[in-house]
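Read off the chains here:
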Amino acid sequence: MFKKSVLLFLISIQATAIFANDNKIKFIKGNISDKTLAVKEASGEEENWLCEQALDFVLTNKEILGNDRELDGLAIATVLSFSNSYISNLTEKQKYIVMNKFQDLFVNFQNSATVQSTLINKIISLKKELPYSDFVDILNSYISKKGINNIDNSLVKEIFHAYEEIGNNQSFLILFEMLDNPLYKDYNQDIKNTLSALIPASMNEIISIIHNKNIDDIYSIFSLVQNNNKISKNFICEIAENVLNESIILMQDSSKVSDKILELQINSLNILSENRWTRASSNALTYFDFSKTLFGLDVMNEDQMVIVVQSLAQIAPLNAVTPLSKYLEELNAKKEQNLAVSTKVVLSVVNSLGAIGDKYAFDSLLATTYLSYPEAVLSAARNALAGLRW
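Here we summarise the structure given alongside this text. (Residues numbered from 1 in each chain as written. Predicted model: local features only at pLDDT ≥ 70, side-chain atom pairs only at ≥ 80, totals over all residues. Heavy atoms only, no water.)

**Brief notes about the side chain of serine 273**
Here is step 1: Mapped onto the elements, serine 273 comes out in helix α15 (residues 259-274).
Here is step 2: Of the residues examined, serine 273 reaches a relative accessible area of 15% and is grouped as buried.
Here is step 3: Here serine 273 is in contact with Ser311, Gln314 and Ile315, once residues within four sequence places are set aside. (Helix = DSSP H or I, 4+ residues; strand = E, 2+ residues; numbered from the N terminus. Buried < 20%, exposed > 50% of the residue type's maximum accessible area, 1.4 Å probe, protein only. Contact = heavy atoms within 4.5 Å.)

Take a look at the structure:
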């Protein structure tokens, strides 16, 4: 009985070994369809061996076979057979070798969007294991040279998805050149979404674009940045500060004071104010001086002027007291002469001085209480006076 059990055990081991080699034999001796079936059916160590063999076979024979649907099928099955566990157990050198072969596969199978898409998705799934930076460079070169309108639509979508996961600053610049271009109108929303995802990795490029002082480019960049929850507050504020600074320089040429520039400036101030970004205090004060002129010329409306005034209490509280007090004195002088004065603007100046609470504002606030302003202004001036720190 014991001998019989041992015999059965040995037979089962032998049978397992034979079956374990079935797919290897099928791959070695079979045609391309057989090889594909062997790769699909394999598992465990056999699968690991076969995926390597199949990848080498596909790369070696692609040039000879050309555009062959069976070879495409084998390539797809091969890429899918590389498991995360197998890749994670490779040495760094082995991972680099596999990645180089994947890159060759992408380049060699440019006539098969399905093979390329499958490969892109596999690399994304293995991004924590494989060194993918060179592959991103290949993607960048691929869409730059070929043009997205000459690439299969589904593959373009996969490349955009890859950029969102593993793209770099060069990817950002390539897509930014395509943004709002009528040639790529069908992809414009996809381009915007992908650029938004790439912003955190493209800080230097964004600042450089802003410093080029092209108002349309600045507007496009800032539109992408606003309300992007993937970006840190510090990063958003740094961009807003640069946008404000460059737009002020643009604004010095009165012919360039457009609604687009004003919108950029007001939105920048809102961001800086919300985050109390005092580093931009100098820019905010400079812009306040410009704003008084623009408001006086009716280029800026009173709601925009109110935002400018209110922002000073948050961005430049230490340095804003003197210019705000002097501005209140100017407004008071107009009121004394029965000239038109915006109640909204006066109220914003009074409230801002009250929020800062510096005693230097005492004289201008006191003078306000003696003028024929609406009760809301007079009450605000009294409250501001009461809250001054001595």
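**Some points on unusual backbone geometry**
Here is step 1: The phi angle at aspartate 180 is positive, at roughly 60 degrees, despite the residue not being glycine.
Here is step 2: Residue aspartate 180 is classed as partly exposed on the basis of its relative accessible area of 44%.
Here is step 3: The backbone of arginine 276 shows a phi angle near 50 degrees, a positive value even though the residue is not glycine.
Here is step 4: Locating arginine 276 in the fold gives a position in the loop between α15 and α16 (281-296).

**Structural notes on the packing of aromatic side chains**
Here is step 1: Counting across every chain of the model gives 9 aromatic pairs.
Here is step 2: Both rings, one in phenylalanine 82 and one in phenylalanine 102, keep their centres 5.2 Å apart while their planes meet at 80 degrees; by these two values the pair is edge-to-face. Of this pair, phenylalanine 82 sits in the loop between α4 (69-81) and α5 (84-88) while phenylalanine 102 sits in helix α6 (residues 92-108), and the two are 20 residues apart along the sequence.
Here is step 3: On the basis of relative accessibility, which here comes to 0%, the residue phenylalanine 82 falls in the buried class.
Here is step 4: Pairing phenylalanine 362 with tryptophan 390 gives two aromatic rings, centres 5.5 Å apart and planes at 70 degrees, and the pair type is edge-to-face. Linking phenylalanine 362 in helix α20 (residues 362-368) with tryptophan 390 in the segment after α21 (375-386), this pair joins segments that are 28 residues apart in sequence.
Here is step 5: Residue classification places phenylalanine 362 among the partly exposed residues on the basis of a relative accessible area of 28%.
Here is step 6: Tryptophan 390 sits in the exposed class, given a relative accessible area of 68%.
Here is step 7: Grouping aromatic residues by their ring pairs yields a cluster made of Phe82, Tyr86 and Phe102.
Here is step 8: Lysine 24 extends its terminal NZ or CZ atom over the ring of tryptophan 49, reaching a point 5.1 Å from the ring centre.
Here is step 9: One residue, lysine 260, lies across the ring of tyrosine 219, its end atom 4.9 Å from the ring centre. (Phe/Tyr/Trp six-rings, centres within 6.5 Å; stacked < 30°, edge-to-face > 60°. Lys NZ or Arg CZ within 6 Å of the ring centre and 35° of its normal.)

**Considerations on the nonpolar core**
Here is step 1: Core analysis: the largest hydrophobic core is formed by 128 residues, its most contacted members being Leu105, Ile143 and Tyr287.
Here is step 2: For this core, the leading source of residues is helix α14 (residues 233-251), giving 10 residues.
Here is step 3: What isoleucine 143 contacts, discounting residues up to four positions off in sequence, is Ile148, Ile151, Ile159, Tyr163, Ile174, Leu175 and Met178. (Core = buried A, V, L, I, M, F, W, Y, C linked by side-chain atoms within 4.5 Å.)

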